[in-house]
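So the chains spell out like this:
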Amino acid sequence: MKGASKAFFALVAAAITMGILWYGNRVVPPKEATWDDVKTEAIQAGYQLITTDKLFRQYTARPESLL
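Residues numbered from 1 in each chain as written. Predicted model: local features only at pLDDT ≥ 70, side-chain atom pairs only at ≥ 80, totals over all residues. Heavy atoms only, no water.

Student: Looking at this structure, I do not really get the overall build of the protein. What am I missing?
Tutor: Looking only at helices and strands, the protein has three helices and zero strands in total. The N-to-C order of helical and strand elements in the protein reads α-α-α. In terms of overall dimensions, the protein is more spread out than a globule: its C-alpha atoms have a radius of gyration of 28 Å, far above the 11 Å expected for 67 residues. Its C-alpha atoms put the protein at 90 × 20 × 15 Å along the principal axes. Classification of the 67 residues of the protein by burial places 1% in the buried group. Counting every atom, the protein has about 6,600 Å² of accessible surface; 65% of that belongs to carbon and sulfur. Side-chain charges in the protein split into 8 positive and 6 negative, and the spacing between the mean points of these groups amounts to 15 Å. (Helix = DSSP H or I, 4+ residues; strand = E, 2+ residues; numbered from the N terminus. Rg over C-alpha atoms; globule rule 2.2 N^0.38 Å. Buried < 20%, exposed > 50% of the residue type's maximum accessible area, 1.4 Å probe, protein only. Areas by Shrake-Rupley, 256 points an atom, 1.4 Å probe, with all protein chains shown as cover. Lys, Arg positive; Asp, Glu negative; His and termini not counted. Charge placed at Lys NZ, Arg CZ, Asp CG, Glu CD.)

Set out below in structure tokens:
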């Protein structure tokens, strides 16, 4: 009976170890950014969001001013 008890605890310890290793190394997909996330990050970083039409107008008027 003593050998069976040791084998049971060794099996439980191996199962717990495998569970911890699996949980720690699993692949977690990155969160998809939403438009609200983009706007929030732009505001926090001090950027101004513009439309593509406004960008095109600025580029055609003075392309050197964009950089």
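There is more to say after this.
Student: What is the right way to look at the pattern of salt bridges in this model?
Tutor: Two side chains of opposite charge can pair, provided their charged atoms sit close to one another. Within this structure, the stated rule accounts for two salt bridges. Ionic pairing is found between Asp 37 and Lys 31, a salt bridge with its closest N-O pair at 2.9 Å. Owing to a relative accessible area of 22%, Asp 37 belongs among the partly exposed residues under this scheme. Classification of Lys 31 by relative accessible area gives exposed; the value is 67%. (Salt bridge = Lys/Arg side-chain N within 4 Å of Asp/Glu carboxyl O.)

Such coordinate-based values are descriptive only and should not be taken to indicate function.
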